[in-house]
Amino acid sequence: CGPVCTNLGLKPGQRLIVKGKIAPSAKSFVMNLGKDASNLGLHFNPRFDAHGDVNTIVCNSKKVEEWGAEHRETVFPFQKGGAAEITFVVNQNDLTVHLPGHQFTFPNRLGLSVFDYFDTQGDFTVQSISWE
Ligand SMILES: C=CCO[C@@H]1O[C@H](CO)[C@@H](O[C@@H]2O[C@H](CO)[C@H](O)[C@H](OCc3cn(Cc4cccc(/C=C\CN=C(N)N)c4)nn3)[C@H]2O)[C@H](O)[C@H]1NC(C)=O
């Protein structure tokens, strides 16, 4: 699993920028943003081939270890073995995810006023994380 960030203190108007590399044999990778590992405002899961999904971004939330309803994005701007830069912008009531050539929003279902926790898992190697 990748790096874990805590105490980020991300509030509305602030953002987290993650740059890294996708494994050549990637099946799936995850980026989680939330309060802590059990309370995720956004579970961001691009799937190249996992759980029956092919080239699909699955997003969800997790509240006290309980998953919410999945949301599947229509675009998949990732390549196996490629570089990727993903920016998460914290808004008042949702998050905007900026991908290469595409963006989408995901509701802040947990009503978090601050996002302290970030982790990545799976077939992605983080090269830099910055927040502002
Ligand atoms: C149709 C049958 C029932 O419905 C399915 O039921 C599954 C189980 O509930 C859901 O799946 C779950 O969906 C959740 C979001 O909702 C999380 O994503 C969760 O994963 C949590 C998780 C795992 N991890 C570790 C991790 C993540 C990615 C890669 C690796 C490691 C290596 C992989 N690379 C290789 N091997 N090269 C490790 N982190 N978070 C996933 O199991 C499916 O979406 C769902 N599908 C649909 C269409 O409904």
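No experiment lies behind these values; they were computed from the predicted model shown.

The strand order across the open sheet built from five strands is 10-9-8-2-12, with neighbouring strands paired in antiparallel fashion. Looking at strand neighbours, the two that pair on one side only are strand 10 (102-107) and strand 12 (124-131), the edges of this open sheet. Here the strands of the sheet are splayed against their neighbours by 20° on average, with no regard to which way each runs. Bridge count between strand 2 (residues 15-22) and strand 12: seven bridges; the pairing is antiparallel. Counterpart to I22 in the pairing with strand 12 is F124.

Moving on, we come to the pairing of strand 11 (residues 117-122). Bridging between strand 1 (residues 4-5) and strand 11 involves two bridges; their strand directions are antiparallel. Bridging across to strand 11, C5 finds its partner in F118. As defined by bridge partners, strand 3 (residues 29-36) adjoins strand 11 across six bridges and the pair is classed as antiparallel. Looking at the pairing, V30 lines up with Q121 of strand 11.

Put simply, the chain has an average pLDDT of 97, and 100% of its residues get 70 or more. Scoring the predicted complex yields pTM 0.98 and, for the interface, ipTM 0.96.

Phi at N7 takes a positive value of approximately 60°, unusual for a residue other than glycine. Topologically, N7 is positioned in the loop between strand 1 and strand 2. Judged by its relative accessible area of 69%, N7 is exposed.

Around the ligand, the structure places 14 residues, and the nearest of them are H43, R47, N60, E70 and D123. Within the side chain of H51, a nitrogen or oxygen atom sits 3.3 Å from an oxygen atom of the ligand. For the ligand, the accessible surface in isolation is 980 Å², of which the surrounding protein chains cover 51%. For the shell around the ligand, the secondary-structure elements that each account for two or more residues are strand 4 (39-50) and strand 11. For the shell around the ligand, the residue count by class is two nonpolar, seven polar and five charged.

Definitions and limits used
Residue indices begin from 1 for each chain and proceed along its sequence in written order. This being a predicted model, a pLDDT of at least 70 is required before a residue's local features are given, and a value of 80 or more before pairs of side-chain atoms are given or counted; all residues contribute to the totals for chains, interfaces and linings. Water and hydrogen atoms were dropped before computing side-chain values, which therefore reflect all heavy atoms in the structure. A strand pair is defined by DSSP finding two or more bridges across the two strands. Labels follow the DSSP assignment, with helices taken as runs of H or I lasting at least four residues and strands as runs of E lasting at least two, numbered in each case from the N terminus. Throughout, an axis means a line fitted to C-alpha atoms (over the contacting stretch in the case of helices), and angles, computed between N-to-C directions, take values from 0 to 180 degrees. Scored between 0 and 100, pLDDT is the confidence that the predictor attaches to each residue. Three labels apply to residues, based on accessible area from a 1.4 Å probe with only protein chains included: buried if under 20% of the type maximum, exposed if over 50%, partly exposed otherwise in between. Nearness of a residue to a molecule or strand requires only that one of the residue's heavy atoms be within 4 Å of it. Within 3.5 Å is the distance limit for a polar contact, defined as a pair of N or O atoms, with the added protein rule that one can donate a hydrogen and the other accept it, and that residues adjacent in sequence qualify only through two side-chain atoms. With residues, only the protein chains shown are counted as cover, and all accessible areas are computed by Shrake-Rupley using a 1.4 Å probe. Amino acids outside the nonpolar list (Ala, Val, Leu, Ile, Met, Phe, Trp, Tyr, Cys, Pro) and the charged list (Asp, Glu, Lys, Arg) are all regarded as polar, and Gly is one of them.

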